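The residues making up each chain are set out below.
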Amino acid sequence: MLGQRIVTAAVLLVLLGAALFWLDGGWLYGVFCVVALGAAWEWAGIAGLPSRPERARYTLLIAALLGAAWFAQVEYRLAPLIWMAGVLWWLLSFWLLRGFPASLEIARFGPRARQTAGVAMIVPVPLALSALVDGAGGLVALGTLFAIVWGADVGAYFAGRAWGRNKLAPSVSPGKTREGAWGGAVVALAVVLPVAALWLPVSGAGLALFALLAVVCVLVSILGDLVESAFKRVAGIKDSGALLPGHGGVLDRVDSLLAVAPLFALGLYWLL
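Keep in mind it's a predicted model, so treat the numbers as computed, not measured.

J.: Honestly, the overall build of the protein in this entry has me stumped. Any pointers?
T.: Across its full length, the protein carries 10 helices and two strands. The order of α-helices and β-strands along the protein, N terminus first, is α-α-α-α-α-α-α-β-β-α-α-α. A globule of 272 residues ought to have a C-alpha radius of gyration of about 19 Å, and the protein, at 18 Å, matches this closely. For the protein, the C-alpha atoms occupy an extent of roughly 50 × 50 × 40 Å along the three principal directions.

J.: Could you clarify how one ought to interpret the environment of Ile 106 in this entry?
T.: Mapping Ile 106 onto the fold places it in the loop between helix H4 (79-98) and helix H5 (111-122). Sequence separation between Ile 106 and Phe 231 is 125 residues; the distance between their C-alpha atoms is 10 Å. For Ile 106, the contacting residues outside a window of four places in its chain are Pro 111 and Arg 114.

J.: Got a minute to help me understand helix H2 (residues 25-46) in this structure?
T.: For an α-helix, 3.6 residues make a turn, and residues three or four places apart therefore share a direction. A rise of 1.5 Å per residue sets the reference length of H2, with its 22 residues, at 32 Å; its end C-alpha atoms lie 32 Å apart and thus fit the reference within 8%. When H2 is considered as a whole, its buried residues turn out to be Leu 28, Tyr 29, Phe 32, Cys 33, Ala 36, Gly 38, Ala 39, Ala 40, Glu 42, Trp 43, Ala 44 and Ile 46.

J.: What should I look at first to understand the packing of aromatic side chains in this one?
T.: Geometry of an aromatic ring pair is reported as the spacing of the ring centres plus the angle between the planes. Within this structure, the stated rule accounts for 11 aromatic pairs. Taking the centre distance of 5.9 Å and the plane angle of 55 degrees together, the rings of Phe 109 and Phe 231 count as tilted. Of this pair, Phe 109 sits in the loop between H4 and H5 while Phe 231 is found in helix H9 (residues 205-235), placing the two residues 122 residues apart along the sequence. Classification of Phe 231 as buried rests on a relative accessible area of 1%. By way of ring pairs, the aromatic residues Trp 43, Trp 89, Trp 90, Phe 109 and Phe 231 are connected into one cluster.

J.: Quick question: what am I supposed to make of the environment of Leu 226 here?
T.: Its place among the elements puts Leu 226 in helix H9. Taking C-alpha positions, Leu 226 is 21 Å from Ala 265, a pair spaced 39 residues apart along the chain. If near-sequence neighbours (up to four positions away) are discounted, Leu 226 is found in contact with Leu 97, Leu 168, Ala 169, Val 172, Ser 173 and Lys 176.

J.: I would appreciate a short explanation of the pattern of salt bridges in the present structure.
T.: Counted under the stated rule, the structure contains three salt bridges. The salt bridge involving Glu 228 is made with Lys 232; its shortest N-O contact spans 3.9 Å. You can see Glu 228 and its partner Lys 232 sitting in helix H9, four residues apart, about one turn around the helix. Of the two residues, Glu 228 and Lys 232, neither departs from the other in class, the shared state being buried.

J.: Would you mind showing me how to read a nonpolar patch on the surface here?
T.: On the surface, a nonpolar cluster with roughly 360 Å² of combined accessible area is contributed by Val 7, Val 11, Leu 12 and Leu 15. Residue placement: Leu 15 occurs in helix H1 (residues 2-22).

Procedures and definitions
- Residues numbered from 1 in each chain as written.
- Predicted model: local features only at pLDDT ≥ 70, side-chain atom pairs only at ≥ 80, totals over all residues.
- Heavy atoms only, no water.
- Helix = DSSP H or I, 4+ residues; strand = E, 2+ residues; numbered from the N terminus.
- Rg over C-alpha atoms; globule rule 2.2 N^0.38 Å.
- Contact = heavy atoms within 4.5 Å.
- Expected span 1.5 Å × (residues − 1).
- Buried < 20%, exposed > 50% of the residue type's maximum accessible area, 1.4 Å probe, protein only.
- Phe/Tyr/Trp six-rings, centres within 6.5 Å; stacked < 30°, edge-to-face > 60°.
- Salt bridge = Lys/Arg side-chain N within 4 Å of Asp/Glu carboxyl O.
- Patch = residues over 30% accessible without salt bridge, like charges linked within 9 Å, V, L, I, M, F, W, Y side chains within 5 Å.
- Areas by Shrake-Rupley, 256 points an atom, 1.4 Å probe, with all protein chains shown as cover.

Treat this as a map of the structure, not an account of what it does.
Set out below in structure tokens:
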């Protein structure tokens, strides 16, 4: 299993690097959309669409909305409003998580609500990733986003194993601890703040605001992981899918990224 995870991760990193090097604009957006559609296929199962035809229809709907989002940005510069829709979903999800598990039971948050949540969760993300690459921060901004997500995840894992004592959300994800969350925040910030100071066009008060944005993004990264875990727990599944050998599903790997990307893009839109 470890070998599969390493090989899969290496292949994905090479493919991502090649896409970032060779592609731009709509072509790069299309690459991000492919990943989003993999997440949409898996989310359809969580959203109460178990059969392949139902999942296919939902995935096609997401594909159409991704196309509409690109058109809305190219023609009318509406990306910030689309990102805001994603941010509002994650604010709502925090409220839903506080009432877990009753708040997410199928009788209260049914298939239609879940399918709508999937739209708000998935559609803004490729647009956010593309905007980071094309914006003032360029690839550094995109790398900073990945550093926040991966730094928080890796730091939380090792800090949790070393010092984890107090459960963060035992009813949702028993393995996560408060100490792990703090460790993830420290690692992520230790990586991204020097990068921002050296290579992003922020300084003085702007750098202080960026630090605040990074802190909030780390918290939202943890929220994204917890929300997906909560939905999977209610649905009675362990992994969202099996598309990535050794890693489970696409959604399992990008849940935190889905939560952070719209907020980070919106924050940099205002800062840079």
